[in-house]
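Examination of the molecular architecture
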Amino acid sequence: MIYFDNAATTEALPSALRKFAEVSATSFGNPSSNHAFGHRARRILDGARVSILGAMGLKKSHELVFTSGATESNNLALKGVAFHYAARGKRIITSAIEHPSVLAPLMDLRDHFGYEVVILPVNGEGVVTPEELAKAMDGSTILVSLMAVNNEIGSIFDTAGLSAVVHKFRKAFFHVDATQAICKTAFPYGDCDLISYSGHKFGGLKGTGALVYRQSIILQPQNEGGGQEHGYRAGTSDVAGDAAMALAQVEGLGELRQREAIVRPLNEELRRYFAHKPGVLLNSPVSASPYLLNISLTKKKASVVVEALSNRDIYVSSVSACSSKRDPFSYVVDEETGDRARAQNSIRISFSPLNTMDEVKTFEKVFDEILQEVKDR
Ligand code: PMP
């Protein structure tokens, strides 16, 4: 198998699986139980929390809520801030290429709660620049939500520059969906007021994630009940999953450079290969994350090529896994290129440090064969 769909999800790291099994077997108590066995689980949970904040350099300034993943973190961040700070203003700014788990709650705030949601277009590099954001900001803006790295084309937003613009306005918070950046692309975590991500994108387990937020921020809980996770996320904690994610994240943050040194040459090789291929257009800007490479096909149907690759045990995606069930149209590629045909026919290839150059070479050979076999559309 050649697995090039790591932006959809990654294989769990053996160390994370071991941690999950160990905690599940030896410390399965409820961290809210008031006895020694519960306290033991509580120590593991809080240890996981502190180790993540420590690895991100945020121990003094930020707090962390464990969630089921970035979708939940994004919902909690956006609605939690919007509802709690509604008296300050009802204006929120985002970009047109955010993940659906950012855009959908914002549309709900707009359509059902009277918020004004400003959706900024991206430029040809697939980003909103600090200059463009500055033009859209005003004193009634309470929240800006912009991703660190786009999940389809890999464009990298200038988090430092954008945060500086947001923080010129006293009332505004800066939320970053960092799902495709954590353990891949460093950005100034401390400049962000809220950071969302999922554990399964860097070798943790599915159903784990976190929302990191500045200590001074108050959120309106979106999930109420037993008051777990600082009262922001009720429900019995997944101690084993959270501990496994913390381990994978601390390991990943410590190996950012080494991992990038593995992935970047794979991306560059494939980029060179596609650049010379008739009928292939590159959608990922040169400055994109090395973990992602997005192309469009001009002569063949992308979904047919993706299926043909799958039949050869090679896995890529035609659009991001989150939207692929609706239709094979990439609103991200459409926004970036303004070309609907290109957006209907894109393929995303996404790497992990477990991939090899041999796999890339095999991919190229098989891709050539498939281009011969598949008829023109
Ligand atoms: N944001 C981005 C940028 C993503 O890539 C994803 C996962 N595709 C999510 C949010 C949602 O993550 P999850 O499905 O793990 O909740």
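I will try to describe carefully the structure that is included in this document. (Residues numbered from 1 in each chain as written. Predicted model: local features only at pLDDT ≥ 70, side-chain atom pairs only at ≥ 80, totals over all residues. Heavy atoms only, no water.)

Describing the sheet that holds strand S6 (residues 173-177)
Spatial strand order, S2-S8-S7-S6-S5-S3-S4: 7 strands in an open sheet with mixed pairing. In this open sheet, the two edge strands, each paired with only one partner strand, are strand S2 (62-67) and strand S4 (116-120). The average angle at which neighbouring strand axes cross in this sheet is 15 degrees, direction not considered. Summarising the sheet, strand S5 (residues 141-145) and S6 pair through 3 bridges and their orientation is parallel. Looking at S6, one finds that Ser 145 is bridged to His 175. Against the sheet, helix H2 (residues 36-55) makes contact with S2, strand S7 (194-198) and strand S8 (209-214), and its axis sits at roughly 125 degrees relative to S2, the strand it touches most. Lying on the sheet, helix H4 (residues 100-113) is in contact with strand S3 (91-95), S4, S5 and S6; it crosses S3 at an angle near 150 degrees. (Pairing = 2+ DSSP bridges. Helix = DSSP H or I, 4+ residues; strand = E, 2+ residues; numbered from the N terminus. Axes fitted to C-alpha atoms, helices over the stretch in contact; angles between N-to-C directions. Contact = heavy atoms within 4.5 Å.)

Comments concerning the state of the cysteines
Enumeration according to the criterion identifies 0 disulfides in this entry. In this structure Cys 183 is not part of a disulfide, and its nearest cysteine sulfur, from Cys 192, lies 15 Å away. (Disulfide = S-S within 2.5 Å.)

Here we look at the packing of helix H1 (residues 14-26) against helix H7 (residues 239-254)
In contact at an axis separation of 8 Å, H1 and H7 are set at 150 degrees when each is read in the N-to-C sense. Here H1 lies roughly antiparallel to H7, going by the angle between them. In the packing of H1 onto H7, the handedness of the crossing is right-handed. Taken together, the residues of H7 that come into contact with H1 (itself represented by Ser 15, Ala 16, Lys 19, Phe 20, Val 23 and Ser 24) are Val 239, Ala 240, Gly 241, Ala 243, Ala 244, Leu 247, Ala 248 and Glu 251. (Parallel < 35°, antiparallel > 145°, perpendicular 65-115°, else oblique. Left-handed = near helix turned anticlockwise from the far one by under 90°.)

Structural notes on the pattern of salt bridges
All told, the structure shown has 20 salt bridges when counted by the stated rule. The salt bridge partner of Arg 42 is Asp 46, with a shortest N-O separation of 3.6 Å. On the criterion of helical spacing, the pair formed by Arg 42 and Asp 46 is a turn pair, its members being 4 residues apart in helix H2. You can call Arg 42 partly exposed: its relative accessible area is 31%. Put simply, Asp 138 and Arg 91 hold a salt bridge, and the shortest N to O gap is 3.4 Å. Separated by 47 residues along the polypeptide, Asp 138 in the loop between helix H5 (130-136) and S5 and Arg 91 in strand S3 bring together distant segments of the chain. By relative accessible area, Asp 138 is classed as partly exposed at 28%. Within the structure, one salt-bridge network assembled from shared partners comprises Arg 42, Asp 46, Arg 49 and Glu 229. (Salt bridge = Lys/Arg side-chain N within 4 Å of Asp/Glu carboxyl O. Buried < 20%, exposed > 50% of the residue type's maximum accessible area, 1.4 Å probe, protein only.)

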